[in-house]
Structures are given as structure tokens and as C-alpha cells.
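Coordinate analysis (summary)
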Amino acid sequence: MNGATESTEPVRSWFALCTASNNEKKVEHHLQLRDIETFLPIYTATRRWNNRTTAKVVLPLFAGYVFARVARTELGRALEVPMVYSVVGNGRRATPLPDQEIETLRLGLREREANPHPYVKVGSRVRIRTGVLAGLAGVVVRTDGHLRVVLNLELIMKSIAVHVEADELEPYALEPVGQ
């Protein structure tokens, strides 16, 4: 023994759980009942029904996914939740999301409006250099006359578009693999 105190607390990471469509809020609730930390980013959209009425609805930002912070050994508890189909991974093993990416999203989405956006791989790559989303990289698009950066969550192949100002951005090139 080197005198250091050993922690019996397991290391917890963020994992993306695939859920049944339109059941993300129920899954989040069931996970919370099991004392599992969750993150379900949401946005508000205006929907028009067939009878021409409109309503504001709250929807998950990443349809079909809920994020759960668990130890790898606790993934079974998350998979027991009704409407959870799988944990995102490489086919053999669940792959955790970078903690910093999730924490930055959690903080940034409190202050910024975001909407789902089709997953993209092309366009001008930029990095947000200032503000609560500083450090995140994405692709510039123009929507409804506003500048937005499309941020990709590569592991789950989902994207969101976040409103930004041009002076918040800097050019960003991907580093070659192995560098």
C-alpha cells in the first residue's frame, strides 16, 4: 500500500442508448428511477396538425437516443429499461462518448437555441472559438438567413445546428490520422 486511499466508486462515462422512436422521455424517466444520470437534450418546435391548428411541442434533439452516465459494469441496468434497444458502440463493445463533449453540450444548450439538422460531412469546417460552446468544431451552413454551425456527434451519426455569429468562428482543419 502506498498510503493513497482507494476509491470503490466505479468510473462512470457517458454512453448513447438507442431507444424506441418517440419514447426518449419515458426512457429518461425510467433511467432516473434507477438512479442513473441522464442527459436528454430537447428543443421546442411548432407543429401544424391536419385540422390546421398549431402547437408548440418539446422534442428530443437527437431522436432515438438518450445519454446515460454509467460505469461499463452497470450498462446491463440501463439495457433492462423498457424501450432501450442497445448501447452505441463499434459492434463488439459499447463506446463511451467524450465527457468533455457531453458537458460542453449540457452547458451550451442552456444558453443557445439548437435544432436537429441532417448529418453532414461536407462544407467549411470551423471551430467555435468563443462563448459557451468554445472548442466544438462543425460545418458552417446558412439557414433562414442566419449563420449556424452544424455539430456532429460522430458516434451516433447525429447532428444539430447551433446559431452563431461569424466573429465566434475560426477555420478548422481535421488533423490527419496518426498525427
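Please read these numbers as outputs of a predicted model, since none were measured by experiment.

This paragraph deals with the pairing of strand 11 (residues 158–163). Strand direction decides the pairing type here: strand 7 (residues 114–117) and strand 11, joined by four bridges, are antiparallel. Of the residues in strand 11, the one forming a bridge with Asn 115 is Ala 161. Direction of pairing for strand 10 (residues 146–153) relative to strand 11: antiparallel, over a ladder of six bridges. Following the sheet pairing, Leu 153 is matched in strand 11 by Lys 158. The antiparallel hairpin formed by strand 10 and strand 11 contains four residues in its connecting segment, where Met 157 sits at a positive phi of about 50 degrees.

Attention shifts here to the pairing of strand 8 (residues 125–128). Of the two faces of strand 8, only the one carrying Val 126 and Ile 128 is buried; Arg 125 and Arg 127 on the other face are not. Note: strand 8 against strand 9 (residues 137–143), three bridges, orientation antiparallel. Looking at the pairing, Val 126 lines up with Gly 138 of strand 9. The pairing of strand 8 with strand 12 (residues 169–171) spans three bridges and is classified as antiparallel. Counterpart to Ile 128 in the pairing with strand 12 is Leu 169.

On to the side chain of Glu 74, then. The topology assignment puts Glu 74 in the loop between strand 5 (65–71) and helix 2 (75–79). Glu 74 gets classed as buried once you look at its relative accessible area, which sits at 14%. What Glu 74 contacts, discounting residues up to four positions off in sequence, is Pro 10 and Arg 12.

Thresholds, definitions, all that
Residue indices follow the written sequence of each chain, beginning from 1 at its first position. Only residues with pLDDT of at least 70 are given local features in this predicted model, and only at 80 or more are side-chain atom pairs given and counted; all residues enter the totals for whole chains, interfaces and linings. Neither water nor hydrogens contribute to the side-chain values; these are computed over all heavy atoms in the structure. Strands qualify as paired when DSSP identifies two bridges or more between them. Here a strand is any run of E in DSSP of at least two residues, a helix any run of H or I of at least four, and the numbering for each starts at the N terminus. The rule is simple: take the accessible area with a 1.4 Å probe, protein chains only, and divide by the maximum for that residue type; under 20% is buried, over 50% is exposed, in between is partly exposed. Two residues qualify as a contact provided that any one of their heavy atoms is within 4.5 Å of a heavy atom in the partner residue.

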